[in-house]
Amino acid sequence: MVQITELVFRDGHQSVLATRLRTEDMLPIAKTVDEVGFFSVEVWGGATFDVCLRYLAEDPWERLRLFKQNMPNTPLQMLERAMNIVAYRNFPDDIVIKFIELAHKNGVDYFRIFDALNDLRNLKVPIEAAKKVGAHVQGALCYAISPVHTVEYYVEQFKELVKMGCDSLCIKDMAGIISPQRAYDIIKACKEEGIKVPIDLHSHATSGMADLAYIKACEAGVDIIDCCISPLAGGTGHPPTESIVAGLMDTPYDPGYDLQLLAKCRDYLQKVWEKYKHLHREQAMKVDPSVTVHQIPGGMLSNFVIQLEQFGAVDKYHEVLLETARVQKDFGWPPLVTPTSQIIGVQATLNVVFGRYKRVTKETKDYVKGMYGNPPAEISDEVKEMVLGPNWRDEVITCRPADLLEPMYKKTREEMASKGLPTTPEWIVSYALFPAQTEDFLRGRSKPEFTSQQLPLELGPGERRFKARLNGSEYDVVILKSKGG
Ligand code: CO
C-alpha cells in the first residue's frame, strides 16, 4: 500500500493560486479532508506564512491552530526551509529552534525540512530542534538534473539524513523535472541499500511526467506520494489525488481511500477554484515539457524572456540557455530552485549580454563566497577569482553560514517591547522573520487584498452569488458561466 500526502492547503494553492487561499475558504472542507486518512496534510510553511501577513492580513498562527482543531485525526505537515525557516535568507540558530518549537506547539506534527543546496550542515539545527519536541522529521533533498546529482548521490545523502534522525525522507522535485525511470532508480537503490524509513516522492505536474513518475515510484517501493485534490491540481501544481487513488485501485499500491469522500472535497474545492478566478493563469495550468529538451525548469525559461527584453536582446535566448548550463557548472551544480535558479538565471543573462562575469550581481558574489552553503560540487579557484577578484581567498567562508550570525531572539523581543508591540513568542519569531509585515499586522494596519466575501472580485454577465450551507457553516458560493470552447 502507498499513502498520500495531501497538498491542497499549502503547495497546491501556492502553485496555482499564488498562495492566496484564505483560511475561511479552506476550513469548511478541512473536516472532510481529515476523514480521508491521508499520511499527512500539508497546511503550513513555504510561502503561506509570508502571504498571510503580507497580502491576506491573516494571523498565520491562528490559521495553524484552526487547522489543528478541524483536523484532529491527520498529522499536519509544514514545509520548513532549513535555516531560512519560512523566509528567504539565513537566520540564527536561536530563531530557527524557537520557530520550530512554536510551530509544533501550535499544531505541526510533521516537519518536511530542506535546503536549496542540499547542504546537510544547514539541516542539522532544524532537524535536532524538531526531534527534540517529539515531532516527525522528514528530511527532503531537492531533485536536480546534473552530473553530480546521481543515484549514488541521493542514496548517500539520504543515508546521512537517516543518521541525523529523520523519520522519513523525501525526494523534492519542486520543478517537476524528474523522469519516471530516474524516480524508480533512486527509490529502488535506497531500498536495496537498506534504507528502512518511509520514502516520499514530491513532484509537480509541470512537465507532464509526474503521474508516470509516481507509478514507477510505486513499482520501486515508494511509501508516500504527494498529490492535490483535483480542482487545484495539474500545471505547475501536482498530480490529482482522486485520479491517482482511482488509478491505483486493483494494484498492490492502492491507498484504499474513499473516492466518495474525495468527490465531496472536489465539489467544494471546485467552488473555491471558481471563486478565486481572478488568480487563474492559463500559462500556469498548461503542460510545459520543455525541460525534457534542455533540462531547464519552465519557470526559468519565461524569466529569461522577460530579462532579455529589458536588455533588448531577445534574439540571444538560445545563447542564454547554453550559458545557464555553463554557469550552473561553474557554481558547482546547485539545484535550479529558489533562490539559486534566480541567481543563475540573472548571471547567465548578464554573461551573454555583457561578457562572462564582466558584470556580477551581489547574489552571485554571496553565493560564490559560500553564504548560501556548500554547493554539491567544488567551485574552481578560477571561477572564484572571476567573480570575487584577486583577493577572493579573504572573502570565501568555509563554515556553516549561520555560524556567522548573532543570536536574535532576545534583541528582537527588546526591540518590540520598546515599540510597544506584544511580545508573545509567536510574534517575536514572526517579527524576526518579517519585521515590517508583522508590525503592520499587529498595529491593525494590514489590508487584505480581498476578503472572502468579496470574491470573486467581479462577476461576469449571467454569473451569480448565493449563500449555501456546507458542512454546517454558511458559505458564499458563486455560479460562473462555463467558459466557452
Ligand atoms: Co512543491
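Residues numbered from 1 in each chain as written. Predicted model: local features only at pLDDT ≥ 70, side-chain atom pairs only at ≥ 80, totals over all residues. Heavy atoms only, no water.

Would you mind showing me how to read empty space enclosed by the protein here?
One way to see where empty space is left: roll a probe the size of a water molecule over the atoms. Under the definition given, this model contains one cavity of 30 Å³ or more. Taken as a whole, the largest cavity holds about 70 Å³ of empty space. The wall of the largest cavity is formed by Tyr 143, Ala 144, Ile 145, Met 174, Ala 175, Ile 177, Gln 295, Pro 297, Gln 328, Pro 335, Leu 336 and Val 337. Of the residues belonging to the lining of the largest cavity, the class tally is 10 nonpolar, two polar and no charged. When we break the lining of the largest cavity down by domain, the ones giving at least three residues each are domain 1 (3-282) and domain 2 (296-403). (1 Å grid on protein atoms, 1.4 Å probe; cavity = no way out; pocket = protein on both sides within 12 Å on 5 of 7 lines; lining within 4 Å. Points joined across faces, edges and corners; volume = space filled by probe spheres on them. Nonpolar A, V, L, I, M, F, W, Y, C, P; charged D, E, K, R; others polar. Domains from an automatic or database assignment.)

It is not clear to me how the coordination of the cobalt ion should be interpreted in this structure. Could you clarify?
In an ideal tetrahedron of four donors about a metal, each angle is 109.5 degrees. In an ideal octahedron of six donors, the angles are 90 or 180 degrees. Protein-derived ligands of the cobalt ion are Asp 11 (OD), His 202 (NE2) and His 204 (NE2), with the metal-ligand distances lying across 2.0 to 2.1 Å. If you list the donors of the cobalt ion from N- to C-terminus, the spacing comes out as D-x190-H-x1-H. Placement of Asp 11 in helix α1 (residues 8-16) and of His 204 in the loop between β7 (199-202) and α9 (210-220) is noted, with a sequence separation of 193 residues between them. (Donors = N, O, S within 2.8 Å, 3.2 Å for Na, K, Ca; no water. Helix = DSSP H or I, 4+ residues; strand = E, 2+ residues; numbered from the N terminus.)

Explain the domain arrangement of the protein chain to me, please; I cannot follow it from the model alone.
How big an interface is tends to be reported as the loss of accessible area on association of its parts. Annotation of the protein chain at the domain level lists domain 1 (3-282) and domain 2 (296-403). Computed over C-alpha atoms, the centres of domain 1 and domain 2 are 28 Å apart. Listed by partner, the interface residues are 23 residues for domain 1 and 22 residues for domain 2. Between domain 1 and domain 2 lies a buried interface of about 1700 Å² when both sides are counted; carbon and sulfur atoms form 65% of it. When the buried surface of domain 1 facing domain 2 is broken down by residue, Ala 116, Leu 117 and Arg 121 rank first, second and third, together holding 37% of it. Counting across the domain 1 and domain 2 interface gives one salt bridge. Between Asp 93 and Arg 400 there is a salt bridge, with the nearest N and O atoms lying 2.8 Å from each other. There are six residue pairs in polar contact (both at pLDDT 80 or more) connecting domain 1 and domain 2. Among the elements that take part in the side of domain 1 that touches domain 2, helix α6 (residues 121-132) stands out by supplying three residues, more than any other. Of the residues in the side of domain 1 that touches domain 2, the class split is 14 nonpolar, five polar and four charged. (Contact = heavy atoms within 4.5 Å. Buried area = accessible area lost by both parts, 1.4 Å probe. Salt bridge = Lys/Arg side-chain N within 4 Å of Asp/Glu carboxyl O. Polar contact = N/O pair within 3.5 Å; in protein donor to acceptor, adjacent residues only side chain to side chain.)

What is the right way to read the layout of surface pockets from this model?
Empty space within the largest pocket amounts to approximately 1500 Å³. Lining the largest pocket are 48 residues, with Met 174, Thr 236, Gly 299, Thr 338 and Gln 342 sitting closest to its centre. Those elements that provide at least two residues to the lining of the largest pocket are α1, α13 (298-310) and α15 (340-354). The leading source of residues in the lining of the largest pocket is α13, at seven residues.

Looking at this structure, I do not really get the side chain of Asp 115. What am I missing?
Among the secondary structure elements, Asp 115 is positioned in the loop between β4 (110-113) and α6. Among buried charged residues, Asp 115 stands out as having no salt bridge; its nearest opposite-charge side chain is Arg 121, 7.9 Å away. (Buried < 20%, exposed > 50% of the residue type's maximum accessible area, 1.4 Å probe, protein only. Lys, Arg positive; Asp, Glu negative; His and termini not counted.)

I tried to follow the environment of Leu 262 on my own but got confused; where do I start?
For Leu 262, the position within the fold is in helix α11 (residues 259-275). With a relative accessible area of 0%, Leu 262 lands in the buried category. Linking Leu 262 and Thr 32, residues 230 residues apart in sequence, is a C-alpha distance of 8.3 Å. Leu 262 has contacts with Val 36, Phe 38, Thr 241, Glu 242, Val 245 and Tyr 257, leaving out every residue within four places of it along the chain.

What am I meant to see in a negative patch on the surface here?
A cluster of like negative charges, contributed by Glu 378, Asp 381, Glu 382 and Glu 385, occupies part of the molecular surface. Mapped onto the fold, Glu 378 is located in the loop between α16 (362-369) and α17 (381-388). We classify Glu 378 as exposed; its relative accessible area is 70%. (Patch = residues over 30% accessible without salt bridge, like charges linked within 9 Å, V, L, I, M, F, W, Y side chains within 5 Å. Areas by Shrake-Rupley, 256 points an atom, 1.4 Å probe, with all protein chains shown as cover. Charge placed at Lys NZ, Arg CZ, Asp CG, Glu CD.)

Would you take a moment to explain the sheet that holds strand β3 (residues 76-80) for this structure?
Note: strands within a sheet are paired through backbone hydrogen bonds, in either parallel or antiparallel orientation. Strands sit in the order β1-β2-β3-β4-β5-β6-β7-β8 around a closed barrel of eight strands; the barrel is parallel. This sheet shows a mean twist of 30° between the axes of neighbouring strands, independent of strand direction. By the bridge criterion, two bridges tie strand β1 (residues 3-6) to strand β2 (residues 40-45) in an arrangement that is parallel. Residue pairing across strands places Glu 6 opposite Val 41, the latter belonging to β2. Its contacts with the sheet place helix α5 (residues 93-106) against β2, β3 and β4, and it is angled at close to 160° to β3. (Pairing = 2+ DSSP bridges. Axes fitted to C-alpha atoms, helices over the stretch in contact; angles between N-to-C directions.)

What am I meant to see in the packing of α5 against helix α20 (residues 425-433) here?
Any two packed helices are characterised by the angle at which their axes cross and by the distance between the axes. At a minimum axis separation of 10 Å, α5 and α20 run at an interaxial angle of 135°. Here α20 runs oblique to α5, going by the angle between their axes. Seen from above, α5 lies across α20 with left-handed handedness. Seen from α5, the contacting residues are Ile 95, Lys 98, Phe 99, Leu 102, Lys 105 and Asn 106; seen from α20, they are Pro 425, Glu 426, Val 429, Ala 432 and Leu 433. The class makeup of the residues in the contact of α5 with α20 is seven nonpolar, one polar and three charged. (Parallel < 35°, antiparallel > 145°, perpendicular 65-115°, else oblique. Left-handed = near helix turned anticlockwise from the far one by under 90°.)

Help me out: how do you make sense of the environment of Ala 220 in this one?
Assignment of secondary structure puts Ala 220 in helix α9. Separated by 28 residues in the primary sequence, Ala 220 and Glu 192 place their C-alpha atoms 9.9 Å from one another. Contact partners of Ala 220, with chain neighbours within four places excluded, come to Tyr 184, Ile 187, Lys 188 and Lys 191.

Looking at this structure, how should I read the environment of Phe 99?
By the element assignment, Phe 99 lies in helix α5. Separated by 14 residues in the primary sequence, Phe 99 and Ile 85 have C-alpha atoms spaced 7.8 Å apart. Here Phe 99 is in contact with Trp 44, Phe 49, Trp 61, Met 78, Ile 85, Val 86, Val 429 and Leu 433, once residues within four sequence places are set aside.

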